[in-house]
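The primary structure of each chain is shown beneath.
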Amino acid sequence: MDAGKSGALRKGLLEFVVLAVVSSGRAYAADILQRLGDTEFATSEGTLYPLLSRMRRERLLDYEWQESASGPPRKYYRLTPNGRRQLAAFRTYWKSLTRLIDELGTPPCKP
Amino acid sequence: MQTVIHVALSGHATAFQLDEDGYVSLRRYFERARAGLARDPDREEILRDLEQSIGEKLAVLPHAGGRVIAGHEVDSVLGQVGTVDPGSDNGQARRPPPMRPWRFCRIEQDKWIGGVCTGLAARSGVRVDWVRTIFILATVFTGGMMALVYLALVFALPVFRTRDDYEDMCRLSP
């Protein structure tokens, strides 16, 4: 697939991918980056931090500070109820999209 | 002779010692990040997060404590952290605020003097002949005071070339 096109697609999906990663429990930015590291969605702090802060403004997620044994305190992110709803809605939408794309590829049944 | 610059990064208690190249790279990175995030309401917080992450990566370099970190090491850490991508805001808050709806304006098209009446007519939907009649009558009754008001409006109101331009602007504004 054309790298530019798939890049734009991944960029648009990143927000939902982050929601999915954070949904499995509290996550620190480095955890999120590591989890995405060997997937299609590998990204870096420069992209993740502005995204996390926008998602927090949109009340999709929230963070709390927690002391760390090695170094400065860290922000641990978790989903808000709103973020959970958004993720569920996205999953439903995504399934309907893939189903639609599959159906569009197959010729309609002849009566 | 070697220049060593001590740099304090957000969240890190001890300063990092960078050589001059490393310091310049780091400063450039933050200048660019600051500019990229110019319209982000959480810019300062994001910059602090980045500082903290960069510090964490510098701290785990081999023998990081108490030695001078070289420019190429700083560059490699900055490469891992990646250029700041301001992202999009689903097309909302991040865009420059749309122009305010123009309530009153002057319109040059078909104007007699300064286009104040044509502007008022476009704004109110009243025929321009009526607006002008009212203005002229008001000028007569107020002993010319209305003419001063007119003059003030010429200076105060934004001007559009045609009525269509004005209506386009109204449509574009929320």
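Each remark here, short or long, concerns the structure printed above.
Small disclaimer: the values here were computed from a predicted structure and weren't measured.

Cut-off values and rules
- Residues numbered from 1 in each chain as written.
- Chains lettered and ligands numbered in written order.
- Predicted model: local features only at pLDDT ≥ 70, side-chain atom pairs only at ≥ 80, totals over all residues.
- Heavy atoms only, no water.
- Core = buried A, V, L, I, M, F, W, Y, C linked by side-chain atoms within 4.5 Å.
- Buried < 20%, exposed > 50% of the residue type's maximum accessible area, 1.4 Å probe, protein only.
- Helix = DSSP H or I, 4+ residues; strand = E, 2+ residues; numbered from the N terminus.
- Contact = heavy atoms within 4.5 Å.
- Buried area = accessible area lost by both parts, 1.4 Å probe.
- Salt bridge = Lys/Arg side-chain N within 4 Å of Asp/Glu carboxyl O.
- Polar contact = N/O pair within 3.5 Å; in protein donor to acceptor, adjacent residues only side chain to side chain.
- Nonpolar A, V, L, I, M, F, W, Y, C, P; charged D, E, K, R; others polar.
- Phe/Tyr/Trp six-rings, centres within 6.5 Å; stacked < 30°, edge-to-face > 60°.
- Lys NZ or Arg CZ within 6 Å of the ring centre and 35° of its normal.
- Pairing = 2+ DSSP bridges.
- Patch = residues over 30% accessible without salt bridge, like charges linked within 9 Å, V, L, I, M, F, W, Y side chains within 5 Å.
- Areas by Shrake-Rupley, 256 points an atom, 1.4 Å probe, with all protein chains shown as cover.
- Axes fitted to C-alpha atoms, helices over the stretch in contact; angles between N-to-C directions.
- Parallel < 35°, antiparallel > 145°, perpendicular 65-115°, else oblique.

> Explain the nonpolar core to me, please; I cannot follow it from the model alone.
Among soluble globular proteins, nonpolar side chains are generally buried collectively. Within the largest apolar cluster, 46 residues are counted, with the highest numbers of intra-cluster contacts made by Val18(A), Ile32(A), Leu26(B), Leu50(B) and Ile54(B). The biggest single contributor to this core is helix H1 (residues 3–23) of chain A, with eight residues. The residues contacting Ile54(B), other than those within four sequence positions of it, are Leu9(B), Leu26(B), Tyr29(B), Phe30(B), Val77(B), Leu78(B) and Val81(B).

> Explanation requested: the interface of chain B and chain A in the structure shown.
When the parts of a complex come together, some accessible area is lost, and that lost area is often taken as the interface size. Facing 26 residues of chain B, the contacting portion of chain A comprises 21 residues. Around 1700 Å² of area is buried between chain B and chain A when both sides are counted, 39% of it from carbon and sulfur atoms. Inspection of the chain B/chain A interface yields eight salt bridges. In this structure, Glu45(B) and Arg56(A) form a salt bridge, with 3.2 Å as the shortest nitrogen-oxygen distance. Put simply, chain B and chain A have 15 residue pairs in polar contact (both at pLDDT 80 or more) between them. Only helix H2 (43–59) and helix H3 (71–81) of chain B provide two or more residues apiece to the side of chain B that touches chain A. For the side of chain B that touches chain A, the leading source of residues is H2(B), giving eight residues. By residue class, the composition of the side of chain B that touches chain A is eight nonpolar, nine polar and nine charged.

> Explain the pattern of salt bridges to me, please; I cannot follow it from the model alone.
Opposite charge on two side chains permits pairing when their charged atoms draw close. Inspection of every chain in the model, using the stated rule, returns 19 salt bridges over all chains. Between Arg10(A) and Glu40(A) there is a salt bridge, with the nearest N and O atoms lying 3.5 Å from each other. Taken together, the positions of Arg10(A) in helix H1 and Glu40(A) in the loop between helix H2 (29–37) and helix H3 (45–57) put the pair 30 residues apart, joining distant regions of the chain. Close ionic contact of Glu44(B) with Arg43(B) constitutes a salt bridge, the shortest N to O distance being 3.4 Å. Among the charged side chains, a salt-bridge network with shared partners connects Arg56(A), Arg57(A), Lys75(A), Asp40(B), Asp42(B), Glu45(B) and Asp49(B).

> Whenever I open this one, the packing of aromatic side chains confuses me. Can you help?
By convention here, two paired aromatic rings are described through the distance between centres and the angle between planes. On inspection of all chains with the given rule, the structure shows eight aromatic pairs over all chains. With a centroid separation of 5.9 Å and 25° between ring planes, the pair formed by Phe90(A) and Trp94(A) is classed as stacked. With Phe90(A) and Trp94(A) both in helix H4 (residues 81–105), this residue pair falls four residues apart, about one helical turn. Overall, Phe90(A) belongs to the buried group, its relative accessible area being 16%. When the centroid spacing of 5.5 Å and the interplanar angle of 85° are considered together, the rings of Tyr29(B) and Phe30(B) count as edge-to-face. Judged on exposure class, the residue Tyr29(B) and its partner Phe30(B) are both buried. Geometry around Tyr63(A) places Lys75(A) over its ring, the cationic atom sitting 4.7 Å from the centre. The ring of Phe104(B) is capped by Arg123(B), whose NZ or CZ atom sits 5.3 Å from the centre of that ring.

> Help me out: how do you make sense of the sheet that holds strand E3 (residues 74–79) of chain A in this one?
Within a sheet, adjacent strands bond to each other through the backbone by hydrogen bonds, running parallel or antiparallel. All names here are of chain A. The strand order across the open sheet built from three strands is E1-E3-E2, with neighbouring strands paired in antiparallel fashion. Sheet topology places strand E1 (27–28) and strand E2 (61–66) at the edges, where each strand pairs with a single neighbour. Summarising the sheet, E1 and E3 pair through two bridges and their orientation is antiparallel. When the bridges of E3 are listed, Ala27 appears paired with Tyr77.

> Could you clarify how one ought to interpret a nonpolar patch on the surface in this entry?
There is a patch of nonpolar side chains on the surface, built from Trp112(B), Ile113(B), Ile136(B) and Val140(B) and spanning about 510 Å² of accessible area. We classify Val140(B) as exposed; its relative accessible area is 60%.

> Help me understand the packing of helix H5 (residues 128–141) of chain B against helix H6 (residues 145–156) of chain B, please; the structure alone is not making it clear to me.
Angle between the axes and distance between the axes: these two values describe a pair of packed helices. All names here are of chain B. It is at 7 Å that the axes of H5 and H6 come closest, and there the two elements cross at 130°. Taken together, the axis directions place H5 and H6 in an arrangement best described as oblique. Contacts from Phe135, Ala138 and Thr139 in H5 reach Met146, Ala147, Tyr150 and Leu153 in H6. Here the residues of the contact of H5 with H6 sort into six nonpolar, one polar and no charged.

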